[in-house]
Amino acid sequence: MTGLVLGFAIKDILSNFVSGHLILILRPFKIVDQIVVGETEGAVGRIELRATQLRTYGGRVALVPNAEVFTSRIVSNTVDPVRRGTAKIVLGYGTDFRALFPTIRDVVQQTEGVLERPVTMRIEVLGTGGMLMVVGFWKDSRRSDFKDTSSSVSLAIVSTLRSQSVALPQAEESHRSPDSSPAGGRM
């Protein structure tokens, strides 16, 4: 019985050791890259033979076994210096979108942190509570810049809509999807 337990322990140790060597040789990411491995997201702090150290955005250190890192899907948020962000807003059917689109496009493009790439605008959902407009834009891929720019874009859009006297959802309705009605009905 002890041999069986010891065998499983050695198997895990060897698996992490071999995976650690392969990660160090193949370099799928580097120190300071911001990655997602399974449920864990953060900046790579160290790559050791047994585990990869990630510093989460909440300031914690997570040691992810290298066998898990090597066999999991890894999403790198920073391998490319830019990535696409989106802002979503629900607007009423009475909104004149043809007149509003160029204004919002200009405001988004002028927001600090938004890169000089095309801004896209689409209506994605037609619901009973309104239409869901999705605005796409490009920005720095580092998480702090990504989050700050996304917030600035959303605030700029809302400010512009208010200045244009466009009706916005009420506070209690803002958490509801555009395809739900107060009674919970669907289209």
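Residues numbered from 1 in each chain as written. Predicted model: local features only at pLDDT ≥ 70, side-chain atom pairs only at ≥ 80, totals over all residues. Heavy atoms only, no water.

J.: Lay out the pairing of strand β7 (residues 120–127) in plain terms, naming residues and giving numbers.
T.: Strand residues, when the strand is regular, have side chains that alternate between the two faces of the sheet. Relative to strand β8 (residues 130–140), β7 is paired through seven bridges, and the arrangement is antiparallel. Bridging from a neighbouring strand, G127 pairs with G130 of β8. Counting the residues that bridge the hairpin from β7 to β8 gives two residues. (Pairing = 2+ DSSP bridges. Helix = DSSP H or I, 4+ residues; strand = E, 2+ residues; numbered from the N terminus.)

J.: Requested: an account of the packing of aromatic side chains, with residues and values cited.
T.: In the structure shown here, the tally under the stated rule is one aromatic pair. With a centroid separation of 5.9 Å and an interplanar angle of 75°, the aromatic rings of F97 and F101 are classed as edge-to-face. Of this pair, F97 and F101 both sit in helix α3 (residues 97–110), four residues apart, roughly one helical turn. When its relative accessible area of 12% is taken as the criterion, F97 is described as buried. (Phe/Tyr/Trp six-rings, centres within 6.5 Å; stacked < 30°, edge-to-face > 60°. Buried < 20%, exposed > 50% of the residue type's maximum accessible area, 1.4 Å probe, protein only.)

J.: Residues and numbers for unusual backbone geometry, please.
T.: The phi dihedral of R27 falls on the positive side, at around 50°, and the residue is not glycine. As for its placement among the helices and strands, R27 is situated in the loop between α1 (2–26) and β1 (34–37). The phi torsion at S165 lies on the positive side, around 60°, for a residue other than glycine.

J.: Outline α3, supporting the account with residue identities and numerical values.
T.: With 14 residues, α3 should reach 20 Å at 1.5 Å per residue; the first-to-last C-alpha distance of 20 Å fits that figure. Considered for burial, the residues of α3 that qualify are F97, L100, F101, I104 and V108. Down the axis of α3, the buried side of the element spans an arc of 110°, and every buried residue falls inside it. Seen from the buried face of α3, the exposed residues on the opposite side, beyond 90 degrees, are R98 and Q110. Looking at the buried side of α3, the elements it contacts are β6 (82–91), β7, β8 and α4 (143–163). (Expected span 1.5 Å × (residues − 1). Arc of directions from axis to C-beta. Contact = heavy atoms within 4.5 Å.)

Honestly, it's all geometry; don't read function into it.
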